[in-house]
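# Coordinate analysis (summary)
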Amino acid sequence: MELLCFSFLSLMLMSELLGPTEPSGVEELISGHLRSLSADWTVEFDLFDALTPRGSLPFGSVIATLDPKVQRRLVFACHLDSKWFPPDAGGRPFVGATDSAVPCAMILEAVTALDKTLRIMKDKGSPITLQLFFLDGEEAFGDWTETDSLYGARHLAQRLQDEPGPGGAGNKLQAIDLFVLLDLLGAQEPLILSHFSETRSHFMRLVSIEQRLHSLGLLDAHHMDRPYFRPNLYFGAVEDDHVPFLHRGVPILHVISTPFPSVWHTYDDTEENLHRPTIANLCHIFVTFLAETLAL
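Residues numbered from 1 in each chain as written. Predicted model: local features only at pLDDT ≥ 70, side-chain atom pairs only at ≥ 80, totals over all residues. Heavy atoms only, no water.

## Details of the environment of Ser262
Worth spelling out the cut-off: Where helices and strands are cited, they refer to DSSP runs of H or I of at least four residues and of E of at least two residues respectively, numbered from the N terminus.
Here Ser262 is to be found in the loop between strand E8 (252-256) and helix H8 (276-293). Along the primary structure Ser262 and Gly96 are separated by 166 residues, whereas in three dimensions their C-alpha atoms are 12 Å apart.

This is the structure in C-alpha cells:
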C-alpha cells in the first residue's frame, strides 16, 4: 500500500489557526481525498468558534459518512490539529508527525485500500456503515484542562447527541456501535493496550489479527516477541478525544501508544523519526479489522 501520511506533515501545524469560514489546507486535503474515492462519501465540516487561553479561535472538524441512511455506525477517529509551540531556537516548527498526522493518514489509507469493497457493501445495503471523524482542537493551548482540550470532540459529541438518528431512531450518538480512536502512532514498536473492559473483545481481535498477519509473513520488520497489541498489560486510561463520547455511553476502543513515543511534544516529532515498516504494518492490521468488522 502506498502511504499517504507524509502529505500531511507540512499542513498540520497551521490547521487549528485558520478561519471557520472556509476549511483549512489539511481539512481540504482530507475531504478532497475522500470525495475522490468511488465509494461516494458524504463529507461535512463541523465549524465553530470556542474560547481558549488565546482568545476566541475557529475550529473545524471533518466528518465523513459512507451511508448516512444506515442506523448503525462504526467510527474511526483521530485528531487533525497539532500542539501549538513557537519555533525552537533554530527556527524549526513543531510538526506532530505521530501526533497526529500518521493516524489521519492511516485512516485515509485504510478506506482507500477498501474503496471498491466499501462501495459494494454500500450498494448492497449493509446494516452497518463506516463513519470517519477527523477532529480539530484536541491539543491544549496552555495546560491540559477540561475546558482547554478536546474542543472538536466536545463540540461534535454534543451536536450528535442533539441531532436525531438515522430514520428518526434515537440520536446520532446512539447510532455509534464502536468508536475507534487512533493517536500517537508512527514510532517503532508501539505498545498498545486495552483500556476499556467493555471493548476488550474488539481489542483481542486486533491481537489476533496481528498474530495472523505475522504468521502469514505480511508484516515487515515485525517481531512477535514484541507485539504491538498487548492484552496482559494495563497502564490506565489516557485522556483523549474519546472522552466526551465515553461520558455519553459510546463504546470506545482507544488505539494509542503507551508509553507515549519518545518524540511526543518535541520538535523531533517529524517524518525523519517515523518508522515506515511499523506504519505499514499497522495499516494492514487496521484494514483487516475494518474488513472483518464490516463483513466485507
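## Points about the environment of Asp40
Under the convention used in this document: Whether two residues are in contact is decided by their heavy atoms: any pair within 4.5 Å suffices.
As for its placement among the helices and strands, Asp40 is situated in the loop between helix H2 (25-36) and strand E1 (42-52). A C-alpha to C-alpha distance of 21 Å links Asp40 and Glu292, two positions 252 residues apart in sequence. When neighbours within four sequence positions are excluded, Asp40 is seen to be in contact with Leu66 and Lys122.

## Some points on the pattern of salt bridges
A side chain of one charge can pair with a side chain of the opposite charge if their charged atoms are brought near each other. Convention followed: One side-chain nitrogen of Lys or Arg within 4 Å of one carboxyl oxygen of Asp or Glu is enough to make a salt bridge.
For the structure shown, the criterion picks out 12 salt bridges. Residue Arg159 pairs with Glu44 through a salt bridge whose shortest N-O separation is 2.6 Å. Taken together, the residues Arg159 in helix H5 (residues 151-162) and Glu44 in strand E1 connect sequence positions 115 residues apart. What emerges from the salt-bridge pattern is a single network uniting Glu44, Asp46, Arg159, Glu163 and Lys172.

## A look at the environment of Arg248
This is how the line gets drawn: Burial status follows relative accessibility: with a 1.4 Å probe on protein chains alone, a residue under 20% of its type maximum counts as buried, one over 50% as exposed, and anything between as partly exposed.
Structurally, Arg248 is set in the loop between helix H7 (243-246) and E8. Owing to a relative accessible area of 30%, Arg248 belongs among the partly exposed residues under this scheme. Distance from Arg248 to Phe235, taken between C-alpha atoms, is 23 Å for residues 13 residues apart in sequence. Ignoring sequence-local partners within four residues, the contact set of Arg248 consists of Ala157, Gln158, Gln161 and Leu173.

## Let's talk about the sheet that holds E8
Here is the rule we go by: DSSP-based pairing: two strands are paired if at least 2 bridges between them are found. Lines are fitted to the C-alpha atoms to define the axes, a helix being fitted only along its stretch in contact, and any angle between axes, read from their N-to-C directions, falls within 0 to 180 degrees.
Sheet architecture is open: six strands sit in the order E1-E2-E4-E3-E5-E8, paired in mixed fashion. Pairing within the sheet leaves two strands with one partner each, and these edge strands are E1 and E8. Going across the sheet, the axis of each strand differs from the next one's by a mean of 20°, ignoring polarity. Sheet topology places strand E3 (residues 72-79) next to strand E5 (residues 176-183); five bridges connect them, and they run parallel. Paired with Val75 across the bridge in E5 is Phe179. The strands touched by H8 are E3, strand E4 (128-135), E5 and E8; relative to E3, the strand with the most contacts, the crossing angle is about 165°.

## What to know about the packing of aromatic side chains
We apply this condition: In this scheme Phe, Tyr and Trp rings, the latter by its six-membered ring, pair at centre separations within 6.5 Å, and the angle between planes marks the pair as stacked below 30 degrees, edge-to-face above 60, and tilted otherwise. We call a charge positioned over a ring when the NZ of a Lys or the CZ of an Arg lies within 6 Å of the ring centre and within 35 degrees of the ring normal.
Per the counting criterion, the structure on display carries 13 aromatic pairs. Ring centres 4.8 Å apart and planes at 15° place the aromatic pair Phe59 and Tyr151 in the stacked group. Here Tyr151 lies in helix H5 and Phe59 lies in strand E2 (residues 55-65), a separation of 92 residues in the sequence. Residue class for Phe59 comes out buried when judged on its relative accessible area of 2%. Accessibility expressed as a relative area gives 3% for Tyr151, which makes it buried. For the pair Phe203 and Phe229, a centre-to-centre distance of 5.9 Å together with 70° between the ring planes defines the contact as edge-to-face. Separated by 26 residues along the polypeptide, Phe203 in helix H6 (residues 200-215) and Phe229 in strand E7 (residues 229-230) bring together distant segments of the chain. Of the two residues, Phe203 and Phe229, neither departs from the other in class, the shared state being buried. Taken together, the aromatic side chains of Phe48, Phe59, Phe141 and Tyr151 make up a single cluster linked through ring pairs. The side chain of Arg54 reaches across the aromatic face of Trp84, ending 4.7 Å from its centre.

## So, the pairing of E8
For E8, the buried fraction is high: five of the five residues fall into the buried class. On E8, burial covers both faces: Ile252, His254 and Ile256 on one face and Leu253 and Val255 on the other are all buried. One ladder, built from five bridges, connects E5 with E8; its direction is parallel. What sits directly across from Asp183, in E8, is Ile256.

## Side note on the side chain of Asp148
Stated formally: Charged residues are defined narrowly, with Lys and Arg counted positive, Asp and Glu counted negative, and His plus the chain ends left uncounted. Two N or O atoms count as a polar contact when they lie within 3.5 Å, although within protein this holds only if one can serve as hydrogen donor and the other as acceptor, and sequence-adjacent residues are included solely when both atoms are side-chain atoms.
Within the secondary structure layout, Asp148 lies in the loop between E4 and H5. Put simply, Asp148 is tucked away with no salt bridge, and the nearest opposite charge, on Lys83, sits 6.3 Å away. Polar contacts involving the side chain of Asp148 include one to the side chain of Tyr151, which spans 2.6 Å. Once residues within four sequence positions are removed from consideration, Asp148 is found in contact with Pro53, Ala140, Phe141, Gly142, Asp143 and Arg154.

## Examining the state of the cysteines
To keep things clear, this is the line we draw: Here, a disulfide means two cysteine sulfur atoms that sit within 2.5 Å of each other.
Applying the stated rule across the entire model yields zero disulfides. Of all cysteine sulfurs, the one in Cys78 lies closest to Cys104, which takes part in no disulfide; the gap is 3.3 Å. Here Cys104 falls in the buried class, since its relative accessible area comes to 0%.

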